[in-house]
Amino acid sequence: MTLVTRAWSMLTTMLPAGGGLRDEDWTRRHRLLTILLAAGIPLLTVVGAFRDEGLDAAWFITVALVLPCVIAATAMTSKRLPSILVAVGFTALCGGFVAVCHGLTEAHFTYFVVVAALALYRDWAPFLAFLIGTVLHHSVLGALASDRTYDHHEAAQHPLMWALLHGLAVLGAAAFQVIAWRLTETEEKRAQENLDESQAQMTLAFDETPVPMVMWSPDGRLLRANDAYYAWMRLSRPLPMDFRLEDLPLVAEPGEENIFGEMLAEGDAVTVTRAYRRTGDGSRIWVEIHSNGLRDKAGRLRLIFVHCIDVTAQMEHRDELRRQLRVDDLTGLLSRKGFEDDLAALLTGQPGPAGVIYLDVDRFKAINDGAGHAAGDDVLRAVADWLRAVVPAGSLIGRLGGDEFVVGLGGPVETAAATARSVIDSFGTPLPVAGNTSRIAVSVGVAVADRPDLAEHALLAADTAMYAAKKGGGNRLAVFNDQMRVDVQQRITAEAQLRRALEGDLDETLPVWFQPIASSVSGHIIGAEALVRMRAADGGILGPGHFIPAAEETGMVVPLGEHVMSTALRWLMRWRLELGYVSVNVSPRQLSEPGFVPMVARLLAEHGLDDPSRLVLEITETAVLAMSDDLQERLDAVKELGVRIALDDFGTGYSSLTWLQSVPADVVKLDRSFVSGLAGDVRKSSIIVAVLGLATSLNMSVVAEGVEEPDDWRALAAAGCPAIQGYLISRPVPPAGFERLLWETPPVAPAPTSELLPL
Ligand code: C2E
Ligand code: CA
Ligand code: CA
């Protein structure tokens, strides 16, 4: 028994399992076989009609058996029974052919055709039914009506044996079907296993990953999404049938609104877009959407695969950086960038112009240097708070760095000017600063812009106007006008020219000229002031008034000043026997450079000037008046080198005479405005006498500038002014011309004070 079981189980493992067809495939095959079976009836009729007997009982019995099978197989909905009925019908049909043909051997061929056809069911039931039916038919009919079953004598004698023989032949024919069937099953199984494995991998990679993933159909329907996606998007399951991509609670980043259109257009290329979702508390969760299209062989887009990466931290970092760029840390006002952007946006978003008010705190440097940087910061914060309170609501307020503030507001220039005026007036009230109150004044410039792309220009224009207000004495308002526009243009041109000149051969592009300083007694040249010139592209010579302001503003005065000083020392060394000293102008911007003192020391050493007092540095009275403590110290450091200091343009800086006592100057240069017309002006001569008296008592020398008239020279000499400089002696001239002046006059000799006015 166990042997049989084992053999059976071996057989079943070797044989195909059967019944594995999918429903739709089975239905198609069943329909085909049923039609073939039905078609057998007319065929049998034709064959029968041509036989000698015509349509006899055999034909009738066959049709009577086949027809119900066809009808039942068509009507029944189950699978196995209809297929058995088709097999039974075919057995009857084949038997019918054999009977109609009186057992003709060729009629038996139909069995082989049918056995192959029935293999289409890929099921044992119809197959077995047919085999059994065949054997039954051959044995029963072979015994009862052998002439209608076999056409040879031997088979009629032993119908059962021939029935088995035919059964075996049919089985043999079926064997190859079985083998093919079995092989197909094995291959299918393998394919299925591969598929299962892919499915499992897919499930692992898609469904169970924490990365939100989704597949969309090309028309925007959701095909499949993983748990992470549902959770991330806060989607409920199941989604409504008509759920579409547009229904996602996502807001695309500006400029990337058409996510899906882009995915479709890009096809199978990877597209990356960004979008965000709002959380319950209103904050944003950012996602980076990577999408990739899958196409079929014909190139049609089948689905779009999307995976999402949470980039919230990255985007928050970006926003923070942007915010930092837009906001001034100290005051919380807009930064320069933030202000420029918002001003442009203001001009874009409204019709008509917008005004810009540019404020600079007067004497802020003194506060900062005097009371320290923390106090300076307090003042800046107080000014920011004050501005917030006094400018109209909705105005843009920014700090551009340092003590410079800006306000932007819609409307014509009159509106901005009126606001600016009220801001200046409001500063009349002392400001609360760090627990105290402090009186602060501002210089204010106003300009207007009428196009978004001119926002930056308006800022520059307002700055220029503010500068004019500051120059006018501060605590006042200036509105940008056409003259300022011309000035700005000239300054820009001068800046460009100077930059080019500094890149060229300096002796050629920035020649240094000399103006003699002479003894008022003898008229002999005792010193020279070095005055720089610029050679324009057309060969013409430009005076320093054209480019020194731009040089100071941009800092180019630093290399320029070094060039002048070096050139002046070079010529002094050449004329050392005839010339007492050279005087070089130094701007405060140069002095504030930490490298200034070392630079002077280096030049002295390089040119081998053993008596540093033969170098005089001229610093204007106004510059010294505005100097911070740091710069005063720097001045002392210069003096320690042995170099002399001259107070230039003295008398223009509104200083009191006694102030001279506190200045470490060696020379006072009386400004031209006190000198010209001196001879007939009692007021001027009395001032000069007072200055000379004080200077002598302080051991300072005095040079009178701008001497143009012989009468003025006489008056100066009479008052005891030791040195004079002016067109009367000579205009500034190039070194070659100066050399001629030097050599034409006798060497410097101390002139007796009694000697009067040699002309
Ligand atoms: P400053 O230091 O007061 O130089 C004297 C200016 O007065 C020179 O003008 C000179 O030509 C002019 N001047 C001399 N005598 C007379 C006169 O009798 N009548 C009249 N009307 N003017 C006279 P310049 O050369 O145009 O220089 C103008 C200013 O440019 C200088 O004024 C000085 O502040 C500045 N500057 C010149 N060279 C340099 C330089 O190398 N570095 C710096 N930082 N500033 C310089
Ligand atoms: Ca000077
Ligand atoms: Ca001067």
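This text follows the structure it describes.
Here, residues in each chain are numbered from 1, in the same order as that chain's written sequence. For this description, chains carry letters from A and ligands carry numbers from 1, given in the order in which they are written. Only residues with pLDDT of 70 or above have their local features reported here, since the model is predicted, and side-chain atom pairs are shown and tallied only from 80 upward, although totals for entire chains, interfaces and linings are computed over all residues. Side-chain descriptors were evaluated using all non-hydrogen atoms of the structure, hydrogens and water having been removed beforehand.

Quick notes on the overall build of the chain
This is how the line gets drawn: For helices the rule is a DSSP run of H or I covering at least 4 residues; for strands it is a run of E covering at least 2, with both sets numbered from the N terminus onward. For the radius of gyration, the atoms used are the C-alpha atoms, and the globule rule reads 2.2 Å times the number of residues raised to 0.38. Each residue is placed in one exposure class: buried if its accessible area under a 1.4 Å probe, protein chains only, is under 20% of its type's maximum, exposed if it is over 50%, and partly exposed if it falls in between. Pairs of residues are marked as contacts when any of their non-hydrogen atoms sit within 4.5 Å. Within this scheme the basic residues Lys and Arg register as positive and the acidic residues Asp and Glu register as negative, but His and the chain ends are omitted. Charged groups are reduced to one reference atom each: NZ for lysine, CZ for arginine, CG for aspartic acid, CD for glutamic acid.
When its secondary structure is counted, the chain shows 28 helices and 23 strands. For the chain, whose C-alpha radius of gyration is 56 Å, the value lies well above the compact-globule estimate of 27 Å for 759 residues. The principal-axis extent of the C-alpha atoms belonging to the chain is close to 180 × 60 × 55 Å. The 759 residues of the chain split such that 45% are buried. Sequence-distant contacts in the chain: of pairs separated by 6 or more residues, those separated by 24 or more amount to 63%. Positive and negative side-chain charges in the chain, numbering 65 and 93 respectively, have mean positions lying 3 Å apart.

Regarding empty space enclosed by the protein
Note the cut-off: Any residue with an atom within 4 Å of a point lines the site, the site being either a cavity, points on a 1 Å grid over the protein atoms alone where a 1.4 Å probe fits but cannot get out, or a pocket, an open set with protein on both sides within 12 Å along at least 5 of 7 lines. Grid points are joined across faces, edges and corners, and a volume is the space filled by probe spheres set on the points. When residues are sorted by character, Ala, Val, Leu, Ile, Met, Phe, Trp, Tyr, Cys and Pro go into the nonpolar class, Asp, Glu, Lys and Arg into the charged class, and all the rest, Gly among them, into the polar class.
One pass over the full model with this rule turns up one cavity of 30 Å³ or more. Size it by volume and the largest cavity reaches roughly 30 Å³. Around the largest cavity, the lining residues are R51, E53, G54, D56, V100, H102 and R148. Across the lining of the largest cavity, the residue classes break down as one nonpolar, two polar and four charged.

A short note on the pattern of salt bridges
Spelled out, the test is: Every case where a carboxyl oxygen of Asp or Glu lies within 4 Å of a side-chain nitrogen of Lys or Arg is listed as a salt bridge.
Enumeration over the complete set of coordinates arrives at 36 salt bridges. With a closest N to O distance of 3.6 Å, D482 and R485 form a salt bridge. You can see D482 and its partner R485 sitting in helix α17 (residues 482-503), three residues apart, about one turn around the helix. In the salt-bridge network here, residues are joined through shared partners; they are E529, E618, K669 and E705.

Some thoughts on the environment of A75
Looking at where A75 falls in the secondary structure, it is placed in helix α3 (residues 57-75). Separated by 652 residues in the primary sequence, A75 and Y727 have C-alpha atoms spaced 131 Å apart.

Digging into the nonpolar core
Short version of the rule: As used here, the term nonpolar core means buried Ala, Val, Leu, Ile, Met, Phe, Trp, Tyr and Cys residues forming a set that is joined through side-chain atoms within 4.5 Å.
Core analysis: the largest hydrophobic core is formed by 77 residues, its most contacted members being F514, M565, F596, L615 and L617. Among the elements that line this core, the one with the most residues is helix α20 (residues 557-574), at nine residues. Excluding residues that lie within four positions of it along the chain, F514 makes contacts with A528, E529, A530, A568, W571, W575, V582, R731, P732, V733, P735 and F738. Counting 38 residues, the second largest nonpolar core, distinct from the first, contains L33, I41, V114 and L131.

What about the state of the cysteines?
Two cysteines form a disulfide when their sulfur atoms are joined by a covalent bond. Under the convention used in this document: Throughout, disulfides are identified as pairs of cysteine sulfur atoms within 2.5 Å of each other.
What the rule picks out here adds up to zero disulfides. The structure places no disulfide on C69, whose sulfur is separated from the nearest cysteine sulfur, that of C94, by 12 Å. In this structure C69 comes out as buried when scored by relative accessible area, which is 7%. Lacking any disulfide linkage, C94 is separated from the closest cysteine sulfur, that of C101, by 11 Å. Owing to a relative accessible area of 2%, C94 belongs among the buried residues under this scheme.

Considering the coordination of the calcium ion (ligand 2)
Condition: Note on donors: an N, O or S atom is included if it sits within 2.8 Å of the metal, or within 3.2 Å for Na, K and Ca, and water is never included, so sites can look incomplete.
At this site the calcium ion (ligand 2) is bound by E529 (OE), N585 (OD1), E618 (OE) and D648 (OD), with donor distances of 2.0 to 2.4 Å. For the calcium ion (ligand 2), all donor residues lie on one chain, and their spacing in sequence is E-x55-N-x32-E-x29-D.

Description of helix α16 (residues 455-471)
Stated formally: Multiply 1.5 Å by the residue count of a helix minus one, and that product is the helix's expected span.
Over its 17 residues, α16 runs 24 Å from end to end, which matches the ideal 24 Å to within 8%, given 1.5 Å per residue. All buried positions along α16 are accounted for by A455, A458, L459, A461, A462, T464, A465, M466 and A469. Check the buried side of α16 and you find it contacts α12 (336-349), β7 (354-361), β9 (404-410), β12 (442-449), β13 (477-479) and α17. Phi turns positive one or two residues past the end of α16, at G473, with a value near 115 degrees.

What to know about the pairing of strand β15 (residues 525-532)
The cut-off we apply is this: Two strands pair under a simple rule: DSSP has to find at least two bridges between them.
Of all eight residues in β15, seven are buried; the element is thus mostly enclosed. Across seven bridges, strand β14 (residues 512-519) lies against β15 in antiparallel orientation. Its bridge partner being in β15, Q515 is matched across the sheet by E529. Remark: five residues form the turn of the hairpin made by β14 and β15, two consecutive strands paired antiparallel; G523 in that turn has positive phi of roughly 80 degrees. Here β15 pairs with strand β18 (residues 581-585) via four bridges, running parallel. Note that in β18 the partner of G527 across the bridge is Y581.

Digging into the packing of aromatic side chains
In plain terms, the rule: Note on aromatic contacts: the rings of Phe and Tyr and the six-membered ring of Trp form a pair at centre separations within 6.5 Å, being stacked when their planes are under 30 degrees apart, edge-to-face when over 60 apart, and tilted otherwise. Both a distance and an angle decide whether a charge sits over a ring: NZ of Lys or CZ of Arg must be within 6 Å of the ring centre and within 35 degrees of the ring normal.
Tallying each qualifying case throughout the model produces 10 aromatic pairs. Ring geometry for W575 and F738: centres 5.0 Å apart, planes at 45 degrees, overall tilted. Placement of the pair is W575 in the loop between α20 and β18 and F738 in helix α28 (residues 735-744), with a sequence separation of 163 residues. F738 shares its class with W575; the two are buried. Ring pairs connect the aromatic residues F514, W571, W575 and F738, which therefore count as one cluster. Above the plane of the ring of W232 lies R277, whose end atom (NZ or CZ) is 5.1 Å from the centre. The residue whose ring lies beneath R644 is Y581, and the NZ or CZ to ring-centre distance is 5.1 Å.

A look at a nonpolar patch on the surface
How we decide: Excluding any residue in a salt bridge, patches collect residues exceeding 30% relative accessible area, merging like charges within 9 Å and nonpolar Val, Leu, Ile, Met, Phe, Trp and Tyr side chains within 5 Å. Per-residue and other accessible areas follow the Shrake-Rupley method at a 1.4 Å probe size, with only the shown protein chains counted as cover for residues.
Among the surface-exposed residues, L128, I132, L136, V140, L141 and L144 lie close enough to one another that they form a single nonpolar patch of about 560 Å² accessible area. Within the secondary structure, L141 is located in helix α6 (residues 124-144). The partly exposed category is assigned to L141, whose relative accessible area is 31%.

Regarding the site of ligand 1
Short version of the rule: What makes a residue near a molecule or strand is one non-hydrogen atom of that residue sitting within 4 Å of it. Think of a polar contact as two N or O atoms within 3.5 Å of one another; within protein, one of them needs to be a possible hydrogen donor and the other a possible acceptor, and neighboring residues in sequence only count if both atoms come from side chains.
Taken together, the neighbourhood of ligand 1 is formed by 22 residues, with Q515, N585, D648, E708 and Y727 sitting nearest. A distance of 2.9 Å separates a nitrogen atom of ligand 1 from a polar side-chain atom of Q515. For ligand 1, a nitrogen atom lies 3.2 Å from a polar atom in the side chain of R672. Considering ligand 1 on its own, with 790 Å² of exposed area, one finds that the protein chains cover 81% of that surface. Of the residues forming the shell around ligand 1, the biggest block, three residues, is contributed by β15. Of the residues assigned to the shell around ligand 1, the class counts are eight nonpolar, six polar and eight charged.

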